[in-house]
Amino acid sequence: MSKTIVTYFSATGTTRRVAEKLAQEKQTDILEIKPVIPYTNEDINWQDNESRANREGRDQVEVAMEPLDIRDYDDIYVGFPIWWYTAPRIIFSFFKTHDFSNKTVHLFATSGGSSIQRAQQDLSKAFPQVKIVDAKRY
Ligand SMILES: Cc1cc2nc3c(=O)[nH]c(=O)nc-3n(C[C@H](O)[C@H](O)[C@H](O)COP(=O)(O)O)c2cc1C
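Residues numbered from 1 in each chain as written. Predicted model: local features only at pLDDT ≥ 70, side-chain atom pairs only at ≥ 80, totals over all residues.

- Within an unreviewed UniProt entry, the label attached to the protein reads Flavodoxin-like domain-containing protein, and the organism entered is Intestinibaculum porci.

## Quick notes on unusual backbone geometry
Inference 1: One non-glycine residue with positive phi stands out, namely Gln60, at about 50 degrees.
Inference 2: Of note, Gln60 is situated in the loop between helix H2 (52-59) and strand S3 (75-81).
Inference 3: Taking the number of C-beta atoms within 10 Å as the measure of exposure, Gln60 has 9 and is therefore exposed.
Inference 4: In this structure, Asn102 takes a positive phi of about 65 degrees despite not being glycine. (Helix = DSSP H or I, 4+ residues; strand = E, 2+ residues; numbered from the N terminus. Buried ≥ 20, exposed ≤ 12 C-beta atoms within 10 Å, placed from the backbone.)

## Side note on the UniProt feature "domain: Flavodoxin-like" (unreviewed entry) in the protein
Inference 1: Those residues carrying the UniProt feature "domain: Flavodoxin-like" (unreviewed entry) are residues 4-138 in this numbering.
Inference 2: Span residues 4-138 is 30% helix and 22% strand, its end C-alpha atoms 19 Å apart. (UniProt positions renumbered as here; feature names shortened; annotations may be inferred.)

## Quick look at the site of the ligand
Inference 1: In the neighbourhood of the ligand, 20 residues make up the surrounding shell, with Ser10, Thr12, Thr14, Thr15 and Pro81 lying closest.
Inference 2: When residues of the shell around the ligand are assigned to their parent elements, the largest contribution, 3 residues, is made by helix H1 (residues 14-26).
Inference 3: Each residue belonging to the shell around the ligand can be placed in one class, and the counts come to 9 nonpolar, 10 polar and 1 charged. (Near = placed C-beta within 6 Å. Nonpolar A, V, L, I, M, F, W, Y, C, P; charged D, E, K, R; others polar.)

## Points about the sheet that holds strand S1 (residues 4-8)
Inference 1: Spatial strand order, S2-S1-S3-S4-S5: 5 strands in an open sheet with parallel pairing. With one partner strand each, in any of the chains shown, strand S2 (29-32) and strand S5 (131-137) form the two edges of the open sheet. The average angle at which neighbouring strand axes cross in this sheet is 20 degrees, direction not considered.
Inference 2: In terms of strand pairing, strand S4 (residues 104-110) meets S5 through 6 bridges, oriented parallel. Note on S5: the bridge partner recorded for Val105 is Ile132. (Pairing = 2+ DSSP bridges. Axes fitted to C-alpha atoms, helices over the stretch in contact; angles between N-to-C directions.)

## Some details on the environment of Gln121
Inference 1: Along the chain, the position of Gln121 falls in helix H4 (residues 117-126).
Inference 2: Of the residues examined, Gln121 has 13 C-beta atoms within 10 Å and is grouped as partly exposed.
Inference 3: For the pair Gln121 and Thr86, spaced 35 residues apart in the sequence, the C-alpha separation amounts to 8.8 Å.

## A word on the environment of Met65
Inference 1: Mapped onto the secondary structure, Met65 falls in the loop between H2 and S3.
Inference 2: With 28 residues separating them along the chain, Met65 and Ile37 place their C-alpha atoms 8.1 Å apart.
Inference 3: Apart from the residues lying within four places of it in its own chain, the contact partners of Met65 are Ile33, Lys34, Pro35, Val36, Ile90, Ser93 and Phe94. (Contact = placed C-beta atoms within 7 Å.)

So, in structure tokens, the structure goes:
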């Protein structure tokens, strides 16, 4: 039987709530994607060009995250907030530093209104070997 897990990154709690609901509905395990250095409020100030989140996105900075053990899972839900129309760099770091071979990925996101489409395209382009089968915005 295939085994499913919900993983998510959330800076202000919105994606966390969706992730917890999904995991509860699907009766799956859940793991948080956490940066080694947590984001402060200033770090995620999108109105400040030089804030951490904006610099990371603009300069495609690698964001160190605490490693997650996803070896036992076949279906991986990966949730995140949309930052500047795409996925936060920590999600790219997650894909880069974990082995997704033989796994099926389902993306989900929360946002102020932007769709998840650009994030799906950007991740598929950066990681063509990862099997991303769907993407949903809540
Ligand atoms: C740096 C930054 C950039 C954002 N960029 C967008 C965006 O391009 N489009 C959008 O609809 N919302 C944008 N948002 C809003 C978040 O996507 C939204 O508030 C999300 O639900 C937050 O999820 P979280 O509480 O799990 O962190 C941005 C927020 C931040 C902090």
